[in-house]
Amino acid sequence: MHNGFYLKLALQSMRQNSQLYYPFIISSIGTVMMTFVIQALTTNSGLSQIPGGDNLQTILGLGYVVLILFSTIFLFYMNSFLMKNRKREFGIYNILGMERKHITKILAYEIAFICFISLTIGLVAGILLNKLSTLLIRRMLGASVSFGFEFSSQSVLWTLCFFLLIFLAILLSNIFQIRLANPIELLRGSNAGEKEPKTKIVWTLVGLFLLGVGYYLALTIQSPIMGMSLVFLAILIVIAATYLLFTTGTITLLKLLKNNKDYYYQSKHFIPVSGMLYRMKKNAVGLANISILSVGVILMLSIAVSLYLTTDDAANSQYPSDVVSEIRIENSNRENEAATKEKINESIEQTSEKLSIAVNDQRSYAYLNFPALLNQSRFEVTEDVYASQASQTPARLYLVDQENYQTISGDNLNLADDEVAVHGTVKDYTEDTLTILDQEFTVQPVEDIDEFAIGNETTNVMNDSYYIIVNSPEVLGDIEKGQQEVLGDLASSISVFTQFNLENASSQQEINFSNSFRNKLEENDLVIGNVDTRVEANGNLRALRGGVLFLVLSLALLLLMMTILIIYYKQISEAYDDKKRFKIMQNVGLSDIEIKRAVHSQILSVFFLPVLMTGLHILAILPLMKKTMVLVMLNQVNLFPVSLLIAFLIFLVVYICIYRITARTYYKIVK
């Protein structure tokens, strides 16, 4: 037969199965478009010249790898639905005398057509959207808006190669399935999973146990960054528990309902329970997929909403002045502290004179900062304070002697050798005494102690922090040595924090001043902990937010498309399977109203069971996500639960819309 015959047959088949092919083609176009835009942004020469643009492109580059992985899984998963629902058709072709090589030609034409349409429309849409994305990112980074057009041939070539390989792999996978199966298997391919599954109480209990372990880990991880391996472990355990509970727990529940005679033998319960019981083996994996993907969509959306709500004030709160520095004091004592401050002052004066930029509002103070576990009036310092997972969250201590405190606040506290003043940021310290590293002090009540030290506002949002003023540098030095003996390499050192403003300096002048100041500090042999400017901090934060925002929106869109299509294909597949069953019900005397009510009950249960599981997962990981979001929301991280709620409501609205659309399609097919 002529090749034109197979092309015509392929196009005709796609047209007849438009309910299956159109969603797949649309999602392929969307995937091509998103991956092209992210790839083009990572190579955009204009963005790399913006302050913070390099960091943004690095984030997008890393995210591109994740996007490629998800795109591959997504397209293969969607293709599996297509193949499953068309095996019967291929079986009939085979029985009618068409050889497997002829079916292979039909498949090749279909994939080639989908690939051509997806790449053509996806790349054109991606090129147009790329320009809009570039303008939005430049606006987010505070850069001037450029109306030029940069065409990235490298991104076009990379996208073409990548998706040609994916569609080729999909074609080979389809051919492999057809060549291995015999006509009878193909005819039965779309009817697999009809046997009633057995009750697996043990596996249900294992699922519940794993879910509890996963939730426990998620709720007790103190630092998502330090405990990254535990975070992944918790995710894997929760995913495994989700699959187990859907594949075994739902069947156990349905069997319990079936054993309840009063409940089961009612027409409105009998049909949906019986139907779901027979199909749950096939439905369960799909429902678990929907639940896991839904968690991903909500988290991505909540991150996007959080980034939208976060303002530049978050960065400003961490940088009280135009320029800040942190210099560690070697062999801390009163003389070395004074010498360090003198060298810092000289460096500032030399830089100011060299660049002809006046400095004002300058102040320097020495302080010590480390974590400790509070037990009534005792702050205990052990290596457990740096454990990634612990039952107790350590408090952050900021210690300063009263002379340095006077530099910060102008207040003279007149503390005795064995006295301290204490201020808690979250909880008031109400004890009369305080013990640190076996040194006991009497607490002198002082009102309105000023908070100090860079980074305090972010830390204070997440954990308890205590500001402790001691009598002298000698007392502070004894505490420093005590915690160094316990913590070793993890111990902190007394540092001099310096902050100052630059008079009438532009953003670039502030950056130049910071670089020159750092060079002077190095020339004076000082141990530099950090030298930074508020301008650079704002630029880096905007870059981080911009990169993460584009990435999470792309991933959210991809996961949402995947969720929608899984629901859609599952409903279509279920509808064709149920068509014969409901015809039998009509024949045995059930009215249309009774059938429709039973169908509605079944669809409602199948649809909203994953939403219920998603809600539980979201509640369990909320504390962990809040700790992670400190990286981009800083001291505004308390807004994250609001973002999560907004994201969940958005998802719920979309989900209900999907439910209405697919339920209508289901009814049409069944009737």
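First, a word on scope: everything that follows refers to the structure included in this document. (Residues numbered from 1 in each chain as written. Predicted model: local features only at pLDDT ≥ 70, side-chain atom pairs only at ≥ 80, totals over all residues. Heavy atoms only, no water.)

### Observations concerning the side chain of S347
Consideration 1: Following the sequence through the fold, S347 ends up in helix α13 (residues 334–355).
Consideration 2: Using a relative accessible area of 0% as the deciding quantity, one classes S347 as buried. (Helix = DSSP H or I, 4+ residues; strand = E, 2+ residues; numbered from the N terminus. Buried < 20%, exposed > 50% of the residue type's maximum accessible area, 1.4 Å probe, protein only.)

### Quick notes on the pattern of salt bridges
Consideration 1: Taken as a whole and assessed by the stated rule, the structure comprises 5 salt bridges.
Consideration 2: Across the pair E403 and R334 runs a salt bridge whose closest N-O atoms are separated by 3.6 Å. Here E403 is found in helix α14 (residues 402–409), whereas its partner R334 is found in helix α13, with 69 residues between them in sequence.
Consideration 3: You can call R334 partly exposed: its relative accessible area is 37%. (Salt bridge = Lys/Arg side-chain N within 4 Å of Asp/Glu carboxyl O.)

### Some details on a negative patch on the surface
Consideration 1: Negative charge collects at one region of the surface, where E342, E346, E349 and E353 lie side by side.
Consideration 2: Inspection of the secondary structure assignment puts E342 in helix α13. (Patch = residues over 30% accessible without salt bridge, like charges linked within 9 Å, V, L, I, M, F, W, Y side chains within 5 Å. Areas by Shrake-Rupley, 256 points an atom, 1.4 Å probe, with all protein chains shown as cover. Lys, Arg positive; Asp, Glu negative; His and termini not counted. Charge placed at Lys NZ, Arg CZ, Asp CG, Glu CD.)

### Digging into the packing of aromatic side chains
Consideration 1: Enumeration over the complete set of coordinates arrives at 10 aromatic pairs.
Consideration 2: Pairing F500 with F513 gives two aromatic rings, centres 5.7 Å apart and planes at 65°, and the pair type is edge-to-face. Taken together, the residues F500 in strand β9 (residues 495–502) and F513 in helix α17 (residues 507–523) connect sequence positions 13 residues apart. Each member of the pair F500 and F513 is classed as buried. (Phe/Tyr/Trp six-rings, centres within 6.5 Å; stacked < 30°, edge-to-face > 60°.)

### Some remarks on the packing of α13 against α17
Consideration 1: Running from N to C, α13 and α17 point in directions that differ by 135°, and their axes come no closer than 9 Å. Regarding the angle of α13 to α17, the classification is oblique. Between α13 and α17 lies a crossing of right-handed hand. Residues I344, S347, I348, Q350, T351, S352, K354 and L355 of α13 touch α17, and the partners they reach there are N512, F513, S516, F517, K520 and L521.
Consideration 2: Considered class by class, the residues forming the contact of α13 with α17 number 6 nonpolar, 6 polar and 2 charged. (Axes fitted to C-alpha atoms, helices over the stretch in contact; angles between N-to-C directions. Parallel < 35°, antiparallel > 145°, perpendicular 65-115°, else oblique. Left-handed = near helix turned anticlockwise from the far one by under 90°. Contact = heavy atoms within 4.5 Å. Nonpolar A, V, L, I, M, F, W, Y, C, P; charged D, E, K, R; others polar.)

### Section: unusual backbone geometry
Consideration 1: For N504, which is not a glycine, the phi torsion comes out positive at approximately 55°.
Consideration 2: A relative accessible area of 73% places N504 in the exposed class.
Consideration 3: The backbone phi angle of D525 is positive, close to 60°, even though this residue is not glycine.
Consideration 4: With respect to the helices and strands, D525 occurs in the loop between α17 and β10 (527–533).

### Notes on the environment of E110
Consideration 1: Within the secondary structure, E110 is located in helix α5 (residues 100–140).
Consideration 2: A relative accessible area of 2% places E110 in the buried class.
Consideration 3: Sequence separation between E110 and L171 is 61 residues; the distance between their C-alpha atoms is 9.2 Å.

### What to know about the nonpolar core
Consideration 1: By size, the foremost hydrophobic cluster in this structure holds 116 residues, and its most contacted members are F74, M78, F163 and Y569.
Consideration 2: For this core, the element with the highest residue contribution is helix α18 (residues 534–587), accounting for 18 residues.
Consideration 3: Those residues in contact with M78 that lie beyond four places of it in its chain are F24, M562, L565, I566 and Y569.
Consideration 4: The next biggest cluster of nonpolar side chains, apart from the first, holds 39 residues, and it includes V443, I468, V470 and V496. (Core = buried A, V, L, I, M, F, W, Y, C linked by side-chain atoms within 4.5 Å.)

On their own, these measurements won't tell you what the molecule is for.
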